[in-house]
Amino acid sequence: MLKKLFVHEWKDTWKLLTILNVAVILLSLSGLIVFNNRNMESVMESSNNNSVGYAMFYGSYMFIYILSLAVLTLGSMLFFYIRFYRNLYTDQGYLMHTLPVTGKDLILSKTFVAMIWRVIATVVCTFSILIVVWSAIAEDGAEMWREMKEVFTQLKIENGTAVVAIILVILMTIGAQLFEVFLGYLAISIGQQVSKNKVLGSIGIYIGIHVLINIVKNIGTQVFVFRIIREEEAGMFDPSQATVILTLLIMDVLIFALCYGMYMLIHHFMKNKLNLD
Amino acid sequence: MSALIECRNLTKCYQNGVPAVLDMNLTIESGHIYGLLGPNGSGKTTLIKMINGLLIPTAGEVLIEGNKPGVESRKIISYLPERTYLDAQNKVSDMIAFFEDFYEDFKPDRAWEMLENLGINREARLKTLSKGTREKIQLILVMSREAKLFILDEPIAGVDPAARDYIIRTIITNYNPEASVMICTHLISDIENILDDVIFLKQGKVVLKAQVDEIREKAGKTVDQYFREVFAC
Amino acid sequence: MTWNLKEDRPIYVQIVETLRMRIVSGVYPPGSRIPSVRELAAEAGVNPNTMQRALADLERMELISTQRTTGKTVTEDESRILSLKESIAEEETKIYFVKMGELGFDHRQIADFVKKAADGENNEIGGYTLMGGE
């Protein structure tokens, strides 16, 4: 049943998400042309009285480009939150909650699809920015590719610990994404308990938990930095690879434990406190 | 005929403490068509939601073929809520495929036939159709399953009289002695001919459960008239 | 005989009456098959259980019988059908007499009314052609 829900969820969401991602890809590819066109550069240098026009052109390109990045990232996030709400907590809920599936299936299928698109969006954005920035900075296309290759070969010859660290960091990013997804879902399912205005309730809880997390993060960071400073003063500061790996590992475990807790809470509220209009 | 649904001391209180369903004991057997009747606020919708697992009881229990509401009970219950629960972005054919995918007992041929009889275009997008048509589609989807229990909440209220007759005929012809139908409605006179039994609810309690012909014989009235008597304001 | 069911009397009783009429008037000839429970129920717009109950009554009256292979058939016993026809006729006549009596007519006057209707020019009363008039 989980697979069926997943397929259904995918069918309902892939069109819009593909459009957003393709838009960003196309814009960043056109950045290659915009920034790396030798002819354009020479034209720009020769006719100074047109420089304002060209500045405006580059300016508007960057504006549209950055806008597309924002639309992709924020849009993906909002889209899946709204879909979760509409599909499970409005009239459609009468259909979804009476299917022969468990509440966990409903949550997991939506989470998987949302995560896949978030990861895709992150990858697309990252490479897109790389391409645009590189093409803006590099003097011509050939040099750009050379520089990129250098960076990648450098990464490869690093020792094994770096690879482990990178994997842990990637896991942490995924964990952070998952956390964001669950945060939204949790806010929505708790917000249903607020009788007066459920949407406001959800938004309020979302902001509330965000603020809470930020406070905890700040305190944690300060404690961490404080400890490092103390250790440095005592001459005991040893940023060995082991410590770094350990810290990363602890943070990974923490994030995923937190995500699991949130998942269980979402399920609890959905199963026991569901009250469709 | 076996007990399909059993409610034992079933109670549901909402957040304001008012009980919507109070200490209800009720048995629904297979092979009957029940009318679940009562004024607004009598607990009909709450009872139906608890049977479907959309609400958790405050006390007592409701068992479907001996099991608590869950995945197994949803496989055998076909529920038509009062709301339109279809995603308007979809086409009619998408919804048929959806039901076929999730419900083993769904009979797509039956659905196609009914759609054709009611003149509904299978490739139409739901958002282009009128509310009445969407309600008919929902009913067709629900009735095309070979479920053990059909729960229909106001199946004919938003529908024109000609289609009403068609729907009532559909309920009759789909009737299966192994299954039961529970119809919740205010339009008693339209459906009383197809009912076996009626259950009157008032303020969260069952005030009457009887066979319809029994009521007609003893009270010399139609069920509709008898209802008005019992629930006179 | 179309279904003309009033919901203030037990439905199954009315179904029995209508099916009886169909049998005695020849709509369902002796020995013929009658439609299935479900078809009849759909036609009448009633619950199949109610229809089944009515049919069980008719079976008890030995007007129909259920064969496993051929379904429900009307009895071939024409004398039974005839005697039922006669008892229905007597019932209706009695009702008619009571009504006319309430209007204050005596037997002779009632007989005159009946003769006038029977001799009526088009053999029609109230728009319905009497049977046997063709």
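Residues numbered from 1 in each chain as written. Chains lettered and ligands numbered in written order. Predicted model: local features only at pLDDT ≥ 70, side-chain atom pairs only at ≥ 80, totals over all residues. Heavy atoms only, no water.

### Brief notes about the packing of aromatic side chains
Any pair of aromatic rings gets described here by the distance separating the centres and the angle formed by the planes.
Thinking step 1. Using the criterion set out here, one finds 21 aromatic pairs over all chains in the structure.
Thinking step 2. Each ring, one from A:Tyr260 and one from A:Tyr263, has its centre 6.3 Å from the other, and the planes form 45°; the classification is tilted. Placement of both A:Tyr260 and A:Tyr263 in helix α9 (residues 241–272) is noted, with a separation of 3 residues, approximately one turn of the helix.
Thinking step 3. Ring-pair connections join several aromatic residues into one group, and the members of that group are A:Tyr81, A:Phe84, A:Tyr89, A:Tyr185 and A:Tyr206.
Thinking step 4. We note B:Arg122 situated over the ring of B:Trp112; from NZ or CZ to the ring centre the distance is 3.8 Å.
Thinking step 5. The aromatic ring of C:Tyr12 is capped on one face by C:Arg53, whose charged end is 3.9 Å from the ring centroid. (Phe/Tyr/Trp six-rings, centres within 6.5 Å; stacked < 30°, edge-to-face > 60°. Helix = DSSP H or I, 4+ residues; strand = E, 2+ residues; numbered from the N terminus. Lys NZ or Arg CZ within 6 Å of the ring centre and 35° of its normal.)

### A closer look at the domain arrangement of chain A
Residues and elements named next belong to chain A.
Thinking step 1. Taken domain by domain, chain A consists of domain 1 (1–19 + 73–155) and domain 2 (157–277).
Thinking step 2. If you look at the interface, domain 1 gives 25 residues, while domain 2 gives 23 residues.
Thinking step 3. Buried surface at the junction of domain 1 and domain 2, both sides included, amounts to about 2400 Å², of which 71% is carbon and sulfur.
Thinking step 4. It is Tyr81, Tyr89 and Ile107 in domain 1 that bury the most area against domain 2; as a group they hold 27% of the surface buried on that side. (Domains from an automatic or database assignment. Contact = heavy atoms within 4.5 Å. Buried area = accessible area lost by both parts, 1.4 Å probe.)

### A few points about the interface of chain B and chain C
Thinking step 1. Chain B puts 22 residues into the contact, and the matching count from chain C is 17 residues.
Thinking step 2. Taking both partners together, chain B and chain C bury about 1600 Å²; carbon and sulfur atoms supply 50% of that area.
Thinking step 3. In this structure, the connection of chain B to chain C is made through 1 salt bridge.
Thinking step 4. Across the pair B:Asp213 and C:Arg53 runs a salt bridge, and its minimum N-O distance is 3.9 Å.
Thinking step 5. Elements that contribute at least two residues to the side of chain B that touches chain C include exactly α6 (161–173), α8 (212–219) and α9 (223–230) of chain B.
Thinking step 6. Of the residues belonging to the side of chain B that touches chain C, the class tally is 7 nonpolar, 8 polar and 7 charged. (Salt bridge = Lys/Arg side-chain N within 4 Å of Asp/Glu carboxyl O. Nonpolar A, V, L, I, M, F, W, Y, C, P; charged D, E, K, R; others polar.)

### Some remarks on the pairing of strand β3 (residues 33–37) of chain B
Remember that side chains alternate between the two faces of the sheet whenever the strand is regular.
All names here are of chain B.
Thinking step 1. The buried count for β3 comes to 5 of 5 residues, which makes it a mostly enclosed element.
Thinking step 2. Judged by which residues are buried, β3 turns out to be covered on both faces: Ile33, Gly35 and Leu37 on one side and Tyr34 and Leu36 on the other are all buried.
Thinking step 3. Note: β3 against strand β7 (residues 180–184), 4 bridges, orientation parallel. The residue bridging Gly35 from the neighbouring strand is Ile183, located in β7. (Buried < 20%, exposed > 50% of the residue type's maximum accessible area, 1.4 Å probe, protein only. Pairing = 2+ DSSP bridges.)

### Some details on helix α3 (residues 48–60) of chain C
Thinking step 1. Taking 1.5 Å of rise per residue, 13 residues should cover 18 Å, and α3(C) covers 18 Å from first to last C-alpha, within 8% of that figure.
Thinking step 2. Against the buried residues of α3(C) lie α6 and α8 of chain B together with α1 (11–24), α2 (37–44), β1 (64–67) and β2 (71–74) of chain C.
Thinking step 3. At the N-terminal boundary of α3(C), the capping side chain belongs to C:Asn47, with an oxygen 2.7 Å from the backbone nitrogen of C:Asn49. (Expected span 1.5 Å × (residues − 1). Polar contact = N/O pair within 3.5 Å; in protein donor to acceptor, adjacent residues only side chain to side chain.)

### Looking at the environment of C:Ala118
All names here are of chain C.
Thinking step 1. Turning to its location among the elements, Ala118 is positioned in helix α5 (residues 107–119).
Thinking step 2. For Ala118, a relative accessible area of 47% corresponds to the partly exposed category.
Thinking step 3. Residues Ala118 and Glu91, spaced 27 residues apart in sequence, show a C-alpha to C-alpha distance of 19 Å.

### Let's talk about the domain arrangement of chain C
Residue and element names in this part refer to chain C.
Thinking step 1. Domains assigned within chain C are domain 1 (11–76) and domain 2 (79–123).
Thinking step 2. A separation of 28 Å is found between the C-alpha centroids of domain 1 and domain 2.
Thinking step 3. Opposite the 10 residues of domain 1 that make contact, domain 2 presents 5 residues.
Thinking step 4. Interface area for domain 1 against domain 2, summed over the two sides, is near 740 Å², with a carbon-plus-sulfur share of 73%.
Thinking step 5. Along the contact surface separating domain 1 from domain 2 lie 1 salt bridge.
Thinking step 6. Salt-bridge contacts for Arg80 lead to Glu62; the nearest nitrogen and oxygen are separated by 3.0 Å.
Thinking step 7. The tally of links between domain 1 and domain 2 comes to 2 residue pairs in polar contact (both at pLDDT 80 or more).
Thinking step 8. With 4 residues, α1 is the single largest residue contributor to the side of domain 1 that touches domain 2.
Thinking step 9. Split into classes, the residues belonging to the side of domain 1 that touches domain 2 amount to 7 nonpolar, 1 polar and 2 charged.

### Digging into the interface of chain B and chain A
Thinking step 1. Of the residues lining the interface, 23 residues belong to chain B; the matching set on chain A comes to 25 residues.
Thinking step 2. Of the roughly 2300 Å² buried at the junction of chain B and chain A (both faces included), carbon and sulfur atoms supply 60%.
Thinking step 3. Counting across the chain B and chain A interface gives 1 salt bridge.
Thinking step 4. B:Arg83 is the salt-bridge partner of A:Asp91, the closest N and O atoms lying 3.3 Å from each other.
Thinking step 5. In this assembly, chain B and chain A are joined by 7 residue pairs in polar contact (both at pLDDT 80 or more).
Thinking step 6. Counting only elements with at least two residues in the side of chain B that touches chain A, the list comes to α2 (71–76) and α3 (92–102) of chain B.
Thinking step 7. With 5 residues, α3(B) is the largest single contributor of residues to the side of chain B that touches chain A.
Thinking step 8. Residue composition of the side of chain B that touches chain A, grouped by class: 13 nonpolar, 4 polar and 6 charged.

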